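Structural overview
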Amino acid sequence: SGGRAFVGALRETAGGRGDGMLAGARNAWTGVGPTLARDVPYSAMYWYAVEQFRSMLGGDVAGHRRERTTRELAGINFVSGCAAGAAVAALTTPLDVVKTRVQIRDIAPVDFASSTETVPGVSRRGIVGELAHIAHTGGVDALFAGWGPRAARAAPTGAIVLVAYEVVKTM
């Protein structure tokens, strides 16, 4: 069950592997590099895309602000955030796949939900090496595994974040 997996992950992080508490602390940071490699480009591309969608929808354009009602601006921001979130999430899916694989690569594939054994011989490829390995072994489909649900989750999140940000800016 999900609860057993969570408890197993906590035990693994706290107890560590091999080196006791030092390994436990190190385990807590597993995947931070791939997470940053996913999130930094996502954020940059998201805000760029938001501005492009706003411009296309007639929202604020640098230097040429047209007066709009609060409701119109909220609608433009909602659609822009939704479209930007979905598009950028789909584009950055390969980096999300790498992040997920790095974070779970030491867990035995036999019984993922309750296992905390390590898989012998797991390679420690870097981000680019992992991308290349995934592309080589699974093709483009493997790189973009889960892009639909990821984009579907990011769309409303991007919309809500942008509308809330714009509302708070006016307070």
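All figures in this text were calculated on a predicted structure; none of them were measured in a lab. (Residues numbered from 1 in each chain as written. Predicted model: local features only at pLDDT ≥ 70, side-chain atom pairs only at ≥ 80, totals over all residues. Heavy atoms only, no water.)

A few points about a nonpolar patch on the surface
- On the surface, a cluster of nonpolar side chains totalling about 500 Å² of accessible area is made up of M56, L57, F78, V79 and I160.
- Put simply, the parts of the chain that give the nonpolar patch at least two residues each are α3 (32-57) and α4 (70-91).
- Note on placement: F78 falls in helix α4.
- Looking at F78, the relative accessible area reads 39%, which means it is partly exposed. (Patch = residues over 30% accessible without salt bridge, like charges linked within 9 Å, V, L, I, M, F, W, Y side chains within 5 Å. Areas by Shrake-Rupley, 256 points an atom, 1.4 Å probe, with all protein chains shown as cover. Salt bridge = Lys/Arg side-chain N within 4 Å of Asp/Glu carboxyl O. Helix = DSSP H or I, 4+ residues; strand = E, 2+ residues; numbered from the N terminus. Buried < 20%, exposed > 50% of the residue type's maximum accessible area, 1.4 Å probe, protein only.)

Structural notes on the nonpolar core
- In terms of nonpolar packing, the biggest core is built from nine residues, these being Y42, Y46, A49, V50, A84, V88, A89, A154 and L162.
- With residues up to four places along the chain from it excluded, the contact list for V50 reads S80, G81, A84 and L162.
- Counting residues in hydrophobic clusters, the runner-up holds six residues, among them V97, V98, A142 and L143. (Core = buried A, V, L, I, M, F, W, Y, C linked by side-chain atoms within 4.5 Å. Contact = heavy atoms within 4.5 Å.)

Concerning the packing of aromatic side chains
- By the definition in use, this model includes three aromatic pairs.
- Ring geometry for Y42 against Y46: centres 6.1 Å apart, planes inclined by 10°, an arrangement best described as stacked. Of the two residues, Y42 and Y46 are both situated in helix α3; the distance of four residues between them amounts to about one turn of the helix. Assigned by exposure class, Y42 and Y46 land together as buried.
- A ring pair is formed by W47 and Y165, whose centres lie 5.7 Å apart and whose planes are at 65°; its orientation type is edge-to-face. Highlighted residues: W47 in helix α3 and Y165 in helix α7 (residues 147-169), separated in sequence by 118 residues. (Phe/Tyr/Trp six-rings, centres within 6.5 Å; stacked < 30°, edge-to-face > 60°.)

A few points about helix α6 (residues 127-143)
- Between its first and last C-alpha atoms α6 spans 13 Å; for 17 residues at 1.5 Å apiece the expected length is 24 Å, and the helix comes up short by more than 12%.
- The complete set of buried residues in α6 reads E130, I134, A142 and L143.
- At its buried positions, α6 is contacted by α5 (93-104). (Expected span 1.5 Å × (residues − 1).)

As for the packing of α5 against α6
- Put simply, α5 and α6 touch, their axes get as near as 10 Å, and they point 115° apart. Taken together, the axis directions place α5 and α6 in an arrangement best described as roughly perpendicular. Here α5 runs over α6; the crossing is right-handed. Residues T93, P94, L95, V97, V98 and R101 of α5 pack against I127, E130, L131, I134, A142 and L143 of α6.
- Of the residues assigned to the contact of α5 with α6, the class counts are nine nonpolar, one polar and two charged. (Axes fitted to C-alpha atoms, helices over the stretch in contact; angles between N-to-C directions. Parallel < 35°, antiparallel > 145°, perpendicular 65-115°, else oblique. Left-handed = near helix turned anticlockwise from the far one by under 90°. Nonpolar A, V, L, I, M, F, W, Y, C, P; charged D, E, K, R; others polar.)

With respect to the confidence of the model for the chain
- For the chain, per-residue confidence averages 80 on the pLDDT scale, and 68% of positions sit at 70 or higher.
- The low-confidence segment residues 112-121, where pLDDT is below 50, has 20 contacts with residues more than four positions distant or belonging to other chains. (pLDDT = per-residue confidence, 0-100.)

Here we look at the pattern of salt bridges
- As enumerated under the stated definition, the model contains six salt bridges in all.
- Of the charged contacts in the structure, one is a salt bridge between D96 and R38, with a shortest N-O distance of 2.6 Å. Of this pair, D96 sits in helix α5 while R38 sits in helix α3, and the two are 58 residues apart along the sequence. R38 matches D96 in its accessibility class, with the two residues each being buried.
- K169 is paired through a salt bridge with E166; the nearest N and O atoms lie 3.3 Å apart. Taken together, the residues span about one helical turn, with K169 and E166 both in helix α7 at a distance of three residues.
- On the accessibility criterion, K169 (52% relative accessible area) is exposed.
- On the basis of relative accessibility, which here comes to 15%, the residue E166 falls in the buried class.
- A single salt-bridge network, built from bridges that share partners, covers R38, D39, D96 and R150.

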